[in-house]
Amino acid sequence: MKVINLVINGKSTTSIVGDRMTLADYLRDEQGLTGTRLGCEQGVCGACTVIVRKRPVRACLYLAVQADGQEIETIEGLAPNATELSPIQDAFRQGHAVQCGFCTSGMLLTAKALLDENPNPDEDTIRDWMHGNICRCVGYQQIIEAVQLAAEQNATETP
Ligand code: FES
Ligand code: FES
């Protein structure tokens with residue numbers, strides 16, 4: 001067991017976790033943040049993606065103890081409030097890039113990390129970042145186009 005201190009969606013928290021607990025299990029079971037999905041649990045599907053120190057990580061392969069001292073962003077922290085969507089969420093809505101929604105948290109967080117790092121990515125860069133997230137419903141094209149739309153809207157809104 002180990003004491004960890006971390007910041008989740010802007011809020012500081014301290015927990016005692018087992019040495020082998022994954023970050024995904026910690027977020028879901030200890031923090032109640034069940035928007036972090038578990039699909040394959042072996043690092044393949046990307047459904048469990050969260051942002052750690054500005055980078056997308058597979059929470060099913062990342063230990064909670066590794067998160068000690070880190071800033072974590074999950075899907076629950078993406079929207080500015082309960083009635084508004086974040087720009088990337090709104091672009092997915094506009095672009096019909098969501099169907100069952102199982103993959104969507106991971107898709108959105110990967111896309112957010114990309115756009116935070118590179119607000120104006122070209123299509124190859126978007127495909128390169130998003131290729132590790134699997135969707136079994138929506139054609140990937142809508143997802144790529146939604147990320148492009150979010151980037152365009154960013155560019156329009158940036159003075
Ligand atoms: Fe983590 Fe699939 S559940 S990559
Ligand atoms: Fe269903 Fe992607 S929307 S898996």
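Residues numbered from 1 in each chain as written. Chains lettered and ligands numbered in written order. Predicted model: local features only at pLDDT ≥ 70, side-chain atom pairs only at ≥ 80, totals over all residues. Heavy atoms only, no water.

K.L.:
Please give an account of the pattern of salt bridges that cites residues and values.
P.N.:
For side chains bearing opposite charge, pairing can occur when the charged atoms are close. Taken as a whole and judged by the stated rule, the model has 6 salt bridges. Its salt-bridge partner being Arg55, residue Glu117 comes within 2.4 Å of it at the nearest N-O pair. Taken as a pair, Glu117 in helix α3 (residues 104-117) and Arg55 in strand β4 (residues 55-58) lie far apart in primary sequence, 62 residues in all. Its relative accessible area of 41% is what places Arg55 among the partly exposed residues. The partner of Glu123 in a salt bridge is Arg127, and the shortest N-O contact between them spans 2.9 Å. Linking Glu123 with Arg127, this pair stays in helix α4 (residues 123-130), spanning 4 residues, or about one helical turn. (Salt bridge = Lys/Arg side-chain N within 4 Å of Asp/Glu carboxyl O. Helix = DSSP H or I, 4+ residues; strand = E, 2+ residues; numbered from the N terminus. Buried < 20%, exposed > 50% of the residue type's maximum accessible area, 1.4 Å probe, protein only.)

K.L.:
I'd like to hear about the nonpolar core, residue by residue, with values.
P.N.:
Counting 26 residues, the largest nonpolar core has Ile88, Phe92, Met107, Met130, Ile143 and Val147 as its most contacted members. The element best represented in this core is α3, accounting for 7 residues. With sequence-adjacent residues up to four places away left out, Ile88 is seen in contact with Leu78, Leu108, Ala111, Leu115, Ala146, Val147 and Ala150. Core analysis: the second largest hydrophobic core is formed by 19 residues, Ile8, Leu27, Val50 and Ala67 among them. (Core = buried A, V, L, I, M, F, W, Y, C linked by side-chain atoms within 4.5 Å. Contact = heavy atoms within 4.5 Å.)

K.L.:
Describe the sheet that holds strand β1 (residues 2-8), naming the residues involved and giving the relevant values.
P.N.:
Strand-to-strand pairing in sheets goes through backbone hydrogen bonds, with the strands running parallel or antiparallel. The 5 strands are arranged β2-β1-β5-β3-β4 in an open sheet whose pairing can be described as mixed. Two strands close off the open sheet at either side, each with one partner strand: β2 (11-17) and β4. Here the average twist between neighbouring strands, direction ignored, is 40°. Looking at chain direction, strand β3 (residues 49-52) and β4 are connected through 4 bridges and run antiparallel. When the bridges of β4 are listed, Ile51 appears paired with Pro56. Packed onto the sheet, helix α1 (residues 23-30) meets β1, β2, β3 and β5 (71-73) and runs at close to 75° relative to β1. Helix-sheet contacts for α3 involve β3, β4 and β5, and the interaxial angle to β3 is about 30°. (Pairing = 2+ DSSP bridges. Axes fitted to C-alpha atoms, helices over the stretch in contact; angles between N-to-C directions.)

Without other data, these values stay purely geometric and don't point to any function.
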